Amino acid sequence: MRNSAVFVPHFPWDREWYEPFQVFRHRLVAALDTVLETAEADPDFRFTVDGQMAAIEDYLETRPENRERIIALVSEGRLAIGPWLILLDEFLCSGETIVRNPQMGWEAAEKLGGAMSIGYLPDMFGHIAQMPQILARAGIEHAALWRGVPGSVASHAFRWRAPDGSEVRTEFLFDGYDNGLDVLLVPDRIRRALGEYAQMTAERWGGDPVLAMAGTDHNAPDPRLAAWLRHASSSERAITVTTLEEYIRKHVRDEVSAVVTGELRSHVRGNILPGVLSVRLGLEQRMAAAERTIDHTERMNALWSRRDDSPFLSRLAQDHRVDGA
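Owing to the predicted nature of the structure, the values given are computational and were not obtained by experimental measurement.

Describing the side chain of His127
Alright, step 1. Along the chain, His127 falls in the loop between strand E4 (119–121) and helix H5 (131–137).
Alright, step 2. Take His127: its relative accessible area is 0%, and that puts it in the buried class.
Alright, step 3. Separated by 3.4 Å, the side chain of His127 and the backbone oxygen of Arg147 make a polar contact.
Alright, step 4. For His127, the contacting residues outside a window of four places in its chain are Glu90, Phe91, Leu121, Leu145, Arg147, Trp160, Glu263 and Leu264.

Put into structure tokens, the structure is as follows:
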């Protein structure tokens, strides 16, 4: 495995950032059209959406006729979707919101062939201490992320431990989620560029294959990617194209010695952009108020639904009964 490499075609997608939502959706539709056409034309092609089902739902609102095409590719294991509904900033929402996010994402993905069983968190600005616990309780054993990992992690993977002791094996995208792009800059020199990159990062991989994340923000991979990699593959260094889940399930060892406990908030390998915590403050305050309102309402509803079993609640209902209600 030491002399092999795995490329994961993908893109991270912002639903709204430096352009309005509908502008980004227009670009999303064009990008996913390309992904579907490429996958259907080339059996070796695989693609990993960035973990959020919202992007797939945005696409299908515009291209509902392509629903069955997506289901077919997901069912074949050639298109990886989910498990999140959205990629959230973990420090700007409540714990209940974080827990429900994968629940809703998983349900949406199941309707389209099934969710990727990887806690893919490609570009969050740091990570909460309880995330391994949330993933483990959802039955997810692996995570993959970039920002926030401390400098003590010297390999491409570590065991991430929550305060309650829950753990997930975590793939550390130490060179970012676009580390394969430089290797692809000159298609007829991929073999040489890959060899140089593998040599530079050899201490990270140990006996595992090189993981080359082949994608960047808001762009579909070149339709010729799988053909380029077939040409570059050799007996000296075999190249495989997979989804992120395939890479983790089939190409890496289970034993990981490094352990990180709690929050991931280090800037060592990637800026976690703490300034975002104060961006759009008014909107964030309204979101927090809405979360608290729903949370309190649901708690009261849970208590009220058992009022026949509670003398206190029965008296409360009697005291506040409105005539004619």
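Some remarks on the packing of aromatic side chains
Alright, step 1. Summed over all chains, the structure comprises nine aromatic pairs.
Alright, step 2. Between Trp146 and Tyr177, the ring centres sit 5.6 Å apart and the planes meet at 90°, which makes this aromatic pair edge-to-face. One end of the pair, Trp146, is in the loop between strand E5 (142–145) and strand E6 (157–161); the other, Tyr177, is in the loop between strand E7 (167–172) and helix H6 (190–200), and 31 residues separate them in sequence.
Alright, step 3. Aromatic pair Phe172 and Phe174: ring centres 6.2 Å apart, planes at 65°, arrangement edge-to-face. No difference in accessibility class separates Phe172 from Phe174, as the two residues are buried.
Alright, step 4. In textbook terms, an aromatic cluster arises when at least three aromatic residues are bridged by ring pairs, as seen for Phe11, Trp13, Phe45 and Phe47.
Alright, step 5. In this structure, Arg204 is placed above the aromatic ring of Phe174, and the distance from its NZ or CZ to the ring centre is 4.8 Å.
Alright, step 6. Note that Arg265 overlies the ring of Phe91, its terminal NZ or CZ placed 4.0 Å from the centroid.

Conventions and cut-offs
Residues numbered from 1 in each chain as written. Predicted model: local features only at pLDDT ≥ 70, side-chain atom pairs only at ≥ 80, totals over all residues. Heavy atoms only, no water. Helix = DSSP H or I, 4+ residues; strand = E, 2+ residues; numbered from the N terminus. Buried < 20%, exposed > 50% of the residue type's maximum accessible area, 1.4 Å probe, protein only. Polar contact = N/O pair within 3.5 Å; in protein donor to acceptor, adjacent residues only side chain to side chain. Contact = heavy atoms within 4.5 Å. Phe/Tyr/Trp six-rings, centres within 6.5 Å; stacked < 30°, edge-to-face > 60°. Lys NZ or Arg CZ within 6 Å of the ring centre and 35° of its normal.

From the geometry alone we can't say anything about function, so treat these as descriptive.
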